[in-house]
Amino acid sequence: MPRLAALLLAAVLGCAAFAQGSATHAPTEPTVAELRARLDRIPSSVDTNVEVRDQIMQINAIGAQADKFVASRTGPLNDLNARLGELGNPPPPGAAPEDPDITRQRAALQRDRNALDADIRLARLITVDAQQRGSDLIAKRRKLFEAQLTERAPSPLGRQFWFDIADAWPEDLDRLASLRDELVAGFHAAKEPAHRASVLFSLAAALLLALLGNWAAEHGLVRLAARVLPPGRLRRSLLVIAVVAVNVLLIALAAQGVFATLDRHGLWGPQIRKLGQAVVQSIIFIAFVVALGRALLSNRRPSWRLPPIPDGMARRLAPFPWLTALIAVLVWVPSQVNAIVDASFAAVVATHVVTALALTALIGTMLLRLHEPAGGAHAETAATETAQPPAEPERPLWISFLLSAVALAVVVIWVLVGLGYVALASFLANQLTWTGIVASAFYLLFKFADDLFMATVSSKSNFGQKLQKSFGFVPRTLDQAAVVLSGLARVALFFYMLIALATPLGTGPGEVFQRSGQFGTGLKIGEFQLVPGAIFTAVAVLAVGFVTLRVFKKWLEARYLPQTALEPGMQSSITTLLGYVGGIMVIAIGLSALGIGIERIAWVASALSVGIGFGLQAIVQNFISGLILLAERPVKVGDWVVLGATEGDVRRINVRATEIQLADRSTLIVPNSEFITKTVRNMTLANAEGRVLIRLPMPLSTDAKRARDLMLAACTEHAGVLTAPAPSVSLEGIENGMLILQAIAFVQSPRLAGGVRSDLLFTILDSFKEAGLPLAVPMVVVSQAEGAVPPPPPPSPLPV
């Protein structure tokens, strides 16, 4: 621990000293006049793509410095405005004079504020001018690029092409001689004792890092993924991306280390240094393409393979990542050499021809291998011996169309080379190869985005199950959220894929990302400004807002409202109302983040009022009725209501309709307007007690007092009958020669009335039977026809 503390202290002191030294030697910030002078010194006429690229870099640097100047001055300007606001305005003419110190202080602050505001305005003007100059240069570069593409050179099928190469060959050899001399001089200098050890050590370290480092890193990542990540698709896609990234990183470190060592020892000439930078970029490109191809094919570990490629096809395509990287480098390095030594036009044309033919030969060979039967000749031999065709899944139709389009593009490139449009043919071949590489890389990223959200947000994931327990999310909602988030991530990746595809189109990455930045500032459609960043911000606001609203509702339902004196129905109504209000507020904030203000929403609402009046009248009526039900509460959750022939318990009041559970446990959906416009009987609105009514007919000879005592005893002894109000038995009258005895009892809820009434009837009938009190039998009058059989006599009354 003491050694560790000492090391940490030394690191902190070293970082502080380095920061102090960096601050001491930090370049001063240029002024507005210097930025304007540098922008004016840039020439307005260009002739080559190299000049255009250099000027674009200079203009972008000036614009960035101007933006930095504005950002650094905005804070002090706001402070000066605040201080001037505190001092207030000067007194009007004729008023009492103020303190001279305040007047002098206001004048000094106003002077500093005006000067700072003028500098900021000038810096912003420089930014606008730089953007305009950059746009003009981009347009000029595009015209130069189009002119180069449409320029026709001698065809390789003609003699003039070869004559031009023979004529320019001696001059090109002389140009290459200087490059060769620099290379030989650098080689002899590296063999000197002062540089030999460092150069050999850097080469050995680079080889160890590229070979042994990649092997160790790949095996370490496999073990780490198996230990840390849960089984599933996310482990596979994340592991593939990690392997590709680590391979490229280690190769880049090795190549950059060798280049930095040679550069530090002064072994580079000016031309060799440019060529060395191109070679380093080529090595990194080779590492990326090879690692990407190995990751997608995964011949050693078929279970890691992301695309649905059969094993036989993957083995047939195994050499092509290496071939693609090597051929791409072999056709790219000569173009860099031509630019360094300023080669002849014939050499440039020959380079274009070699590029087009080499890349199309590679693509054509790949197409032929894709059309071979599974397993090649061995599969055919095995199929002949076993009399069974090799099993290979049928390709989708769109893949067949895609392969046909690629084959057609290869034929078109060959035709263009034969006609002499070698620049256009070389461009198409490069673009075709680059499109395949970019599509493969972004296919990997698309898979990773889908696996990431499906493994973290879906209902089957551990995190999704925690969300269900913590916030009460429905599994279907989490699955939908995972699909939506995956779609948004894919849209963002698709946008950057378009940027990557546009990179070789005669432009550089700086220009492409500058275009992406302009696209990110907004796309105006009519009067609406569509900003991609605002879209993602609005989605994030909606997600966070609805999650926060759900957490708040859950807290109300589980913690706060149960501690109040409100009844459960009122608690449910309050939670539902707050959910509606909160949802409207979250949507309004999301629309505001999208750039749609309240005034635009009001305009849209007024424009839709006619449609609402005609087509959505019933929906709006039910919605307003639902709000009235929640506010006035004539019907609340838990009430027993009778609506026409419908009778049941109110289980839920939604925006449009109310759910009523019937006696048979089925659910009836009733529009909310039915409760407002029709007569509703609420059995539990004012009094939650239920009433049991029993009417029994007795003969006239019955002892009425004895019958009343038995019925009253049965009601009193039942546990479900309330003591207050007390049950009562009354003689209602005489009907059809029978005494009508009526018993009334009260229970805790109308839902209990049916069961209590049944129990009381069983008890009363048993009591009457034991006491010998018969019930009256209704009289049946039958008209007997002639010849008819007389009906059987009526049953005798109960014995006394």
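Per-chain numbering applies: the sequence of each chain, read as written, is numbered from 1 onward. Only residues with pLDDT of at least 70 are given local features in this predicted model, and only at 80 or more are side-chain atom pairs given and counted; all residues enter the totals for whole chains, interfaces and linings. Side-chain measures were taken over the full set of non-hydrogen atoms in the model, leaving aside hydrogen atoms and water.

**Student:** Just checking my understanding: could you explain the overall build of the protein chain for this structure?
**Tutor:** Of the regular secondary structure elements, the protein chain holds 25 helices and 10 strands. Relative to its full complement of 800 residues, the protein chain shows a buried share of 34%. Relative to all contacts within the protein chain whose residues are 6 or more apart in sequence, the contacts with residues 24 or more apart total 71%. Using a 1.4 Å probe, accessible areas were evaluated by the Shrake-Rupley method; residue-level cover was limited to the displayed protein chains. Approximately 48400 Å² of the protein chain is accessible, and the part contributed by carbon and sulfur atoms is 65%. Going along the chain from the N terminus, every DSSP run of H or I of four or more residues is numbered as a helix, and every run of E of two or more is numbered as a strand. To sort residues, take the accessible area from a 1.4 Å probe on protein chains only and compare it with the maximum for the residue type: under 20% means buried, over 50% means exposed, and anything in between is partly exposed. The contact rule is simple, with two residues in contact once any of their heavy atoms fall within 4.5 Å.

**Student:** Even after reading the chapter, I still don't get the packing of aromatic side chains, so can you show me in this structure?
**Tutor:** Geometrically, a pair of aromatic rings is defined through the distance of the ring centres and the angle of the planes. We call Phe, Tyr and Trp rings a pair once their centres come within 6.5 Å, taking the six-membered ring for Trp, and we label the pair stacked below 30 degrees between planes, edge-to-face above 60, and tilted otherwise. Inspection of the entire model under this criterion finds four aromatic pairs. Connected via pairs of aromatic rings, a cluster forms that spans Phe552, Trp555 and Tyr560.

**Student:** What is the right way to read the pairing of strand β5 (residues 657-662) from this model?
**Tutor:** Each regular strand displays side chains that alternate between the two surfaces of the sheet. Two strands form a pair only when DSSP identifies at least two bridges running between them. As paired strands, strand β4 (residues 646-653) and β5 are joined by five bridges and run antiparallel to one another. Looking at the pairing, Val650 lines up with Ile660 of β5. By the bridge criterion, five bridges tie β5 to strand β6 (residues 667-671) in an arrangement that is antiparallel. When the sheet's bridge partners are listed, Glu659 is paired in β6 with Ile669. Hairpin geometry of β5 and β6 is characterised by an intervening segment of four residues between the two adjacent antiparallel strands and by a positive phi of about 70° at Arg665.

**Student:** What exactly am I supposed to notice about the nonpolar core here?
**Tutor:** Across soluble globular proteins, nonpolar side chains show a tendency to be buried alongside one another. For the purposes of this section, nonpolar cores are sets of buried Ala, Val, Leu, Ile, Met, Phe, Trp, Tyr and Cys residues that join through side-chain atoms within 4.5 Å. In terms of nonpolar packing, the biggest core is built from 22 residues, with Val692, Ile694, Met698, Met711, Leu760, Ile764 and Phe768 touching the most fellow members. Taken together, the elements giving at least two residues each to this core come down to β8 (690-699), α24 (704-717), β10 (738-747) and α25 (753-771). Counting residues in hydrophobic clusters, the runner-up holds 20 residues, among them Val32, Leu39, Leu80 and Leu109.

**Student:** How should empty space enclosed by the protein be read in this particular structure?
**Tutor:** Only protein atoms enter the calculation, which uses a 1 Å grid: trapped sets of points that fit a 1.4 Å probe without letting it out are cavities, open sets showing protein on both sides within 12 Å along at least five of seven lines are pockets, and any residue with an atom within 4 Å of a point is a lining residue. Grid points are joined across faces, edges and corners, and a volume is the space filled by probe spheres set on the points. Summed over all chains, the structure comprises one cavity of 30 Å³ or more. If you trace the largest cavity, you find it lined by Pro154, Phe161, Asp164, Ile165, Phe345, Ala346 and Val349. Of all the elements in the fold, those that place two or more residues in the lining of the largest cavity are α5 (159-190) and α11 (345-371). When residue character is reported, Ala, Val, Leu, Ile, Met, Phe, Trp, Tyr, Cys and Pro are called nonpolar, Asp, Glu, Lys and Arg charged, and the others, Gly included, polar. Among the residues making up the lining of the largest cavity, the classes are represented as six nonpolar, no polar and one charged.

**Student:** What's the story with unusual backbone geometry in this structure? I'm lost.
**Tutor:** Glycine aside, the phi torsion of most residues is negative, and most peptide linkages are trans. A cis amide bond links Ala724 to the next residue, Pro725, at an omega of 0°. In this fold, Pro725 is placed in the loop between α24 and β9 (728-735). A positive phi angle, near 70°, is found at Arg665, a position not held by glycine. Looking at where Arg665 falls in the secondary structure, it is placed in the loop between β5 and β6. Of note, Asn736 is a non-glycine position whose phi angle comes to about 55°, a positive value. Tracing the chain through its elements places Asn736 in the loop between β9 and β10.

**Student:** Even after reading the chapter, I still don't get helix α16 (residues 475-502), so can you show me in this structure?
**Tutor:** Count 3.6 residues to each turn of an α-helix, and residues three or four apart come out pointing the same way. A helix is expected to reach a length of 1.5 Å times the quantity of its residues less one. Given a rise of 1.5 Å per residue, 28 residues ought to cover 40 Å, and the 41 Å separating the end C-alpha atoms of α16 matches this to within 8%. Among all positions in α16, only Leu478, Ala482, Ser486, Ala489, Met497, Ile499, Ala500 and Leu501 are buried.

**Student:** Which parts of the structure should I look at to understand the sheet that holds β6?
**Tutor:** By definition, the strands of a sheet pair up through backbone hydrogen bonds, in either a parallel or an antiparallel sense. With respect to topology, five strands assemble into an open sheet ordered β6-β5-β4-β3-β7, the strand pairing being antiparallel. Across the chains shown, the open sheet's two edge strands, defined by having one partner strand only, are β6 and β7 (681-682). Sheet analysis places strand β3 (residues 640-643) next to β4, joined by four bridges and oriented antiparallel. The partner of Val641 across the bridge, within β4, is Gly648.

**Student:** Would you explain a nonpolar patch on the surface in this entry?
**Tutor:** Patches were defined on residues exceeding 30% relative accessible area and lacking a salt bridge, with like-charge contacts within 9 Å and nonpolar side-chain contacts (Val, Leu, Ile, Met, Phe, Trp, Tyr) within 5 Å. Here a salt bridge means any side-chain nitrogen of Lys or Arg lying within 4 Å of a carboxyl oxygen belonging to Asp or Glu. A cluster of nonpolar side chains, Leu207, Leu208, Leu211, Leu212 and Trp215, forms an exposed patch at the surface whose accessible area comes to about 590 Å². According to the relative accessible area criterion, Trp215 is exposed, its value standing at 52%.

**Student:** Can you walk me through the pattern of salt bridges in this structure?
**Tutor:** Pairs can form between side chains of opposite charge whenever their charged atoms are close. In this structure the tally under the stated criterion is 17 salt bridges. With its nearest N and O atoms 3.9 Å apart, the salt bridge here joins Asp40 to Arg36. Here the residue Asp40 and the residue Arg36 both occupy positions in helix α2 (residues 32-41), the gap between them amounting to four residues, near one helical turn. Across the pair Glu171 and Arg175 runs a salt bridge, and its minimum N-O distance is 3.9 Å. With Glu171 and Arg175 both in helix α5 and four residues apart, the pair spans about one turn of that helix.

**Student:** Whenever I open this one, the side chain of Thr355 confuses me. Can you help?
**Tutor:** Tracing the sequence through the fold places Thr355 in helix α11. When neighbours within four sequence positions are excluded, Thr355 is seen to be in contact with Val331, Ser426, Ala429 and Asn430.

**Student:** Would you take a moment to explain the side chain of Thr360 for this structure?
**Tutor:** As for its position among the elements, Thr360 is in helix α11. Among the polar contacts made by the side chain of Thr360, one reaches the main-chain carbonyl oxygen of Ala356 at a distance of 2.5 Å. Polar contact is the term for a pair of N or O atoms within 3.5 Å; when the atoms are in protein, one must be able to donate a hydrogen and the other to accept it, and sequence-neighboring residues count only if both atoms are side-chain atoms. At a separation of 2.9 Å, a polar atom in the side chain of Thr360 contacts the side chain of Trp414. Excluding residues within four positions of it along the chain, Thr360 makes contact with Val410, Ile413, Trp414 and Ala429.

**Student:** Looking at this structure, how should I read the environment of Ala189?
**Tutor:** As for its position among the elements, Ala189 is in helix α5. Ala189 sits 78 residues away from Leu267 along the chain, and the two C-alpha atoms are 6.4 Å apart. Setting aside anything within four residues of it in sequence, one finds Ala189 in contact with His195 and Leu267.

**Student:** Could you clarify how one ought to interpret the sheet that holds β9 in this entry?
**Tutor:** Pairing in this open sheet of three strands is antiparallel, and the strands run β8-β10-β9 from one edge to the other. The two strands at the open ends of the sheet, each matched to only one other strand, are β8 and β9. Each strand axis lies, on average, 25° off the axis of its neighbour in the sheet, ignoring direction. With seven bridges connecting them, β9 and β10 associate as antiparallel partners. Pairing of Ile734 across the sheet is with Leu739, part of β10. For helices, the axis comes from a line fit to the C-alpha atoms of the stretch in contact; other axes are also lines fit to C-alpha atoms, and the angle between any two N-to-C directions lies between 0 and 180 degrees. Seen against the sheet, α24 touches β8, β9 and β10 and runs at an angle of roughly 20° to β10.

**Student:** Would you explain the packing of helix α8 (residues 270-297) against helix α14 (residues 422-456) in this entry?
**Tutor:** A pair of packed helices is characterised by two quantities: the angle between their axes and the separation of those axes. At a closest axis distance of 11 Å, the pairing of α8 and α14 adopts a crossing angle of 55°. In terms of orientation, α8 lies oblique with respect to α14. As for the relative orientation of α8 and α14, their crossing is left-handed in sense. Residue-level contacts link Phe285, Phe288, Val289, Leu292 and Leu296 of α8 to Trp434, Ile437, Ser440, Ala441, Tyr443 and Leu444 of α14. For the contact of α8 with α14, a count of residues per class yields 10 nonpolar, one polar and no charged. Roughly parallel means an angle under 35 degrees; roughly antiparallel means over 145; roughly perpendicular covers 65 to 115; every other angle is labelled oblique. Handedness of a crossing follows from how the near helix is turned relative to the far one, being left-handed for an anticlockwise turn of less than a right angle and right-handed for a clockwise one.

**Student:** Hey, could you run me through the environment of Ala356 in this one?
**Tutor:** Among the structural elements, Ala356 can be located in helix α11. Once the C-alpha coordinates of Ala356 and Leu416 are considered, the two residues, 60 residues apart in sequence, prove to be 9.6 Å apart. When near neighbours in sequence (up to four residues on either side) are disregarded, Ala356 contacts Ile413, Val417, Ala425, Ser426 and Ala429.

**Student:** Got a minute to help me understand the environment of Met454 in this structure?
**Tutor:** Turning to its location among the elements, Met454 is positioned in helix α14. Taking C-alpha positions, Met454 is 9.0 Å from Arg233, a pair spaced 221 residues apart along the chain. Contact partners of Met454, with chain neighbours within four places excluded, come to Arg233, Ser461, Ala482 and Val483.

**Student:** I tried to follow the confidence of the model for the protein chain on my own but got confused; where do I start?
**Tutor:** Regions with low pLDDT should not have their predicted coordinates read in detail. pLDDT gives the predictor's per-residue confidence on a scale running from 0 to 100. Here the protein chain averages 77 in pLDDT, while 81% of its residues score no lower than 70. Considering each helix and strand of the protein chain separately, the mean pLDDT is smallest for helix α1 (residues 2-24), with a value of 40, and largest for β10, with 90. Within the model, the stretch residues 1-26 combines pLDDT values under 50 with zero contacts to residues more than four positions away or in other chains. The low-confidence segment residues 374-390, where pLDDT is below 50, has 10 contacts with residues more than four positions distant or belonging to other chains.

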